[in-house]
Amino acid sequence: MPEEADRIDQGPASTATDPGPSSGLHGPPRESGLSREEVAERVATGRTNDVPVRAGRSVGQIIRGNVFTRINAMIAVLFSIIAVIGPVQDGLFALVIVINTLIGIVQELRAKRTLDKLAIVNAARPRVVRDGATVRVATQEIVLDEVLEIGSGDQIVVDGVVTWAGGLEVDESLLTGEADPVVKQPGDTVMSGSFVVAGAGRFRATKVGRHAYAARLAEEASRFSLVRSELRSGIDRILRWITFALFPIGALLIYSQLFMGGHVTLDAETTSGGISGPLADALRSMVAALVSMIPEGLILLTSIAFAVGVIRLGRHQCLVQELPAIEGLARVDVVCTDKTGTLTEVGMKLAEIRDLGGAPQDTNGSSGSTPTQVLAALVASDPDPNPSMSAIAEGLAAQGRGAPGWRVRALAPFSSARKWSGASLTTPNGEEHWVLGAADVLSPADSPAASEAARLGAQGLRVLLLARASVRVDDDRAPGTVRPVALVVLDQRVREDAKPTLDYFADQGVDVKIVSGDHAASVGAVGRELALPGAERPVDARGLPDEPEALSQEVADGSAFGRVTPERKRDMVRGLRDRGHTVAMTGDGVNDVLALKEADIGVAMGAGSPASRSVAQLVLLDDRFAALPRVVAEGRRVIGNIERVASLFLTKTVYTMTLAIVVGLLAVAYPFFPRHATLINAVTFGIPSFFLALAPNTDIARPGFVLRTLRLAIPSGLVAGFAAVTTYLLVLGGRTVPDPSDRTAVVITLCATTLWVLLLVAKPYVWWKVVLVGSMVGLLTLAMVTPLGRWFFDLDVSDPTKVLTGLAVAGVAIVAITVIRVVDDRMAAGSRAEADARADAEAVSDGERTPAG
């Protein structure tokens, strides 16, 4: 069969001379399609399928998206104030924003390049007929009136009218919601966005580009996006709260500095290059407070973490089609996977044709058509063979068995829903109707043929039944009464990397469920070979209850399911999601499309059907199921690190709010200039968070991002804020006007306290984290002891009493934060243990209510 595939793609179209009902069953009629000149004329007039390969953000959109943000707008307003009143050192915070924005743009552009390159590799290349030959072209190269050739698993990329159909069945559920495949005949319309589930056909394009039915929906669905995730929505909610708090706190500070005795007149050296006066000084104090309240790096580092995740996965041949999928991966606790092509090798081998003695007799009573002849005829009649039929074709070719040349009267292509294919053939004995499919579907479960097939399937073999049907295969009653003739045994090997992959998921607490259309015994055999818990009790999905709650319970309890239809796969995934699980579904065939769409994260194989790739959030371009652990680990790294970084930035926001409110109410001068805030933010959170956001992290993601982040940030921020106030009041000694040594003492208290928070967040400790924190301490020390640093940041460490006061208060604050953290961790652990115990009790209760077996 490979030779025929090459001929279809490169040579002239095959012909069909059989009249009447069999017309076109051997292959499409000869058709020249458009000529090269006609294609060029349509391209010149713009009648092309001009839908972009990937609806990603353009370079201009990326730049605008990183520059024109809410955070940057706040910083720009504050910088404008400093630009007017000076001095230049107090505007240093704006330089940090410029650098961060440039980093964000560069990282996103790198991610865009990675995505675009992978999208080109993954892009479908439809077959079109041009100048009498069938060739593959890019989707964008299709023009109006093009003749396209389609087969099982192909996605229909433009609207058109069918010109030839060989048992063509199209699934339009993604467009219309109709679950049943639609049989297409010449003259029927097909819509872009639907996909072929059985048979083959040709159609002429009537609408291309943005005029096609699903083009706009497809473009919108694949658009670059960082929204609709708990992480992003949680950060946006926090930012809104901070924005609302900026105005009253800023107003309080200005009022207290101007009218409540908090005003401080700066000397000429301090205000060198700036404007002095009560209003200017009050504005300078307000800017210093508000700059620290804004978590300027949080959004940036979130975007960078997503972008770097895309780049890292791209290096491992994983295409991320929707960026929120990276976060979703971190939350996955159930993986549903197909068997064939995922856990087993893609290719199969014909192992045996076991004659059951049911072959028809000719008029003389002698033996008629042999199973081998019938199989060769079925192979020759199939316009779009699936992997099983291709394996049979290769096996027969190796034995030198050619097609007998029988005429095809009717054809029924294989579909996952009915689980059989067949053909009505004109043989020397007259017209015969043959079917090939699942033994337990075509014959009673207690029949000798089905029993033998189950026995062989339990050994991990794939077994098909060849049987004689009583009615034409295109009849509504097909296959009618069947007579078993032979068992076709196919050998399929388990992938070498499948067991380590399943072991990884077991270690990470992720349940794996094999969901396959094969016989349940065969699925169980593969599961047992992979040591999958529960695989020794495979479940036939045809016996699962229809009631959603009962179905979800059965699916949650089992791990190996056979005879699963596409609709049942979707229902099983939906049931798991209804029970609170985050489900990833992997698949490569057209029968997986509905489940891929229903899952939280759909993972398709690169060599799978275009339909499965189009609806998945992730595509494994190298078809390696073993890449999935790396993908899940990358998702956990991203979300875990962003949660750490968020805790740091929000701690800074909380302590700044605390300090600003207390200072405003006490009517004393604000202790910092904007340059002090820039120094503290850089060495305690800004620089370290950049490295932490990209660090390894294997923590399992849990819901409740906002509450968990605030549970650490609020107590730590309050303690740090009150520690800063305490140091400030102690060194002021009743005065309302601070000097540089007073400010330096407060800087020491805040830096020491928040560096401790950094150490708590950075667990577990590794050498580079110790070096990172040590480097930040070194930078802070250089700023305090070098003449340039003291001048630039207006610091003074000449008074040892004030320095020791700052360190002593910081020590008390560190103890308080540590105690709070330990108590919180124990309470959280107790809550988790209680929840686990409750879940175990419910599981035991459900097990007692559920009948065994």
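That block above? That's the structure.
Quick summary incoming for the structure in this document. (Residues numbered from 1 in each chain as written. Predicted model: local features only at pLDDT ≥ 70, side-chain atom pairs only at ≥ 80, totals over all residues. Heavy atoms only, no water.)

### A closer look at helix α26 (residues 767-785)
Here's step 1: In this model α26 runs 27 Å from its N-terminal to its C-terminal C-alpha over 19 residues, within 8% of the 27 Å that 1.5 Å per residue would give.
Here's step 2: Of all the positions in α26, only K769, L772, V773, M776, L780, A783 and M784 are classed as buried. Taken around the axis of α26, the buried residues stretch over an arc of 115 degrees, which confines them to a single face. What points out from α26, more than 90 degrees from its buried face, is the exposed set W767 and V770.
Here's step 3: For α26, the elements touching its buried residues are α22 (628-666), α23 (674-692), α25 (740-761) and α27 (787-793). (Helix = DSSP H or I, 4+ residues; strand = E, 2+ residues; numbered from the N terminus. Expected span 1.5 Å × (residues − 1). Buried < 20%, exposed > 50% of the residue type's maximum accessible area, 1.4 Å probe, protein only. Arc of directions from axis to C-beta. Contact = heavy atoms within 4.5 Å.)

### Focus on the packing of aromatic side chains
Here's step 1: Throughout the structure, instances matching the rule amount to six aromatic pairs.
Here's step 2: Seen in terms of ring centroids, Y670 and F672 are 6.1 Å apart; in terms of plane orientation they differ by 85 degrees. Their pairing is edge-to-face. This pair shows no difference in class: Y670 is buried, exactly as F672 is.
Here's step 3: Joined through ring pairs, the aromatic side chains of Y504, F505 and F625 make up one cluster. (Phe/Tyr/Trp six-rings, centres within 6.5 Å; stacked < 30°, edge-to-face > 60°.)

### Things to note about helix α16 (residues 498-507)
Residues spaced three or four apart along an α-helix face the same direction, because each turn holds 3.6 residues.
Here's step 1: Within α16, the full set of buried residues consists of A498, T501, L502 and F505. The buried residues of α16 all sit within an arc of 95 degrees when viewed along its axis, so they share a single face. Residues of α16 that are exposed and point more than 90 degrees away from the buried face comprise A506 and D507.
Here's step 2: Looking at the buried residues of α16, the elements they touch are β9 (334-337), β16 (511-515) and α22.
Here's step 3: Phi turns positive, to about 75 degrees, at G509, one or two residues after α16.

### Some details on the nonpolar core
Here's step 1: Ranked by internal contacts, the top residues of the largest apolar core, which has 133 residues, are L618, Y670 and F672.
Here's step 2: The leading source of residues in this core is α22, at 17 residues.
Here's step 3: The contacts of F672, once residues within four sequence positions are left out, are A288, L659, I680, R743, V746, V747 and L750.
Here's step 4: In this structure, L350, A377, A423 and L436 belong to the second largest nonpolar core, which totals 26 residues. (Core = buried A, V, L, I, M, F, W, Y, C linked by side-chain atoms within 4.5 Å.)

### So, the pattern of salt bridges
Once the charged atoms of two side chains with opposite charge are near each other, the side chains can pair.
Here's step 1: Going through the model one piece at a time under the given rule, you end up with 38 salt bridges.
Here's step 2: Between R570 and D571 there is a salt bridge, with its nearest N and O atoms 3.6 Å apart.
Here's step 3: For D571, a relative accessible area of 24% puts it in the partly exposed group.
Here's step 4: Put simply, R570, D571, R574, R577, E598 and D600 are held in one network by salt bridges that share partners. (Salt bridge = Lys/Arg side-chain N within 4 Å of Asp/Glu carboxyl O.)

### Describing a nonpolar patch on the surface
Here's step 1: Together, I687, F691, L779, L782 and V785 make up a nonpolar patch on the protein surface, roughly 430 Å² of accessible area in all.
Here's step 2: Of all the secondary structure elements, the ones that give two or more residues to the nonpolar patch are α23 and α26.
Here's step 3: Sort the elements by how many residues they give to the nonpolar patch and α26 lands first, with three residues.
Here's step 4: Along the chain, L782 falls in helix α26.
Here's step 5: Exposure remark for L782: the relative accessible area of 48% places this residue in the partly exposed category. (Patch = residues over 30% accessible without salt bridge, like charges linked within 9 Å, V, L, I, M, F, W, Y side chains within 5 Å. Areas by Shrake-Rupley, 256 points an atom, 1.4 Å probe, with all protein chains shown as cover.)

### Focus on the environment of I75
Here's step 1: Within the secondary structure, I75 is located in helix α4 (residues 70-85).
Here's step 2: Classification of I75 as buried rests on a relative accessible area of 4%.
Here's step 3: Measuring from C-alpha to C-alpha, the distance between I75 and I294 comes to 8.3 Å, with 219 residues separating the pair along the chain.
Here's step 4: With sequence-adjacent residues up to four places away left out, I75 is seen in contact with F93, A94, I97 and I294.

### Comments concerning the pairing of β9
Each regular strand carries side chains that alternate between the two faces of the sheet.
Here's step 1: Alternating positions in β9 separate into two faces, V334 and C336 on one and V335 and T337 on the other, with burial throughout.
Here's step 2: As judged from the four bridges shared by β9 and β16, these two strands associate in the parallel manner. Opposite V335, over in β16, you have V512 as the bridge partner. (Pairing = 2+ DSSP bridges.)

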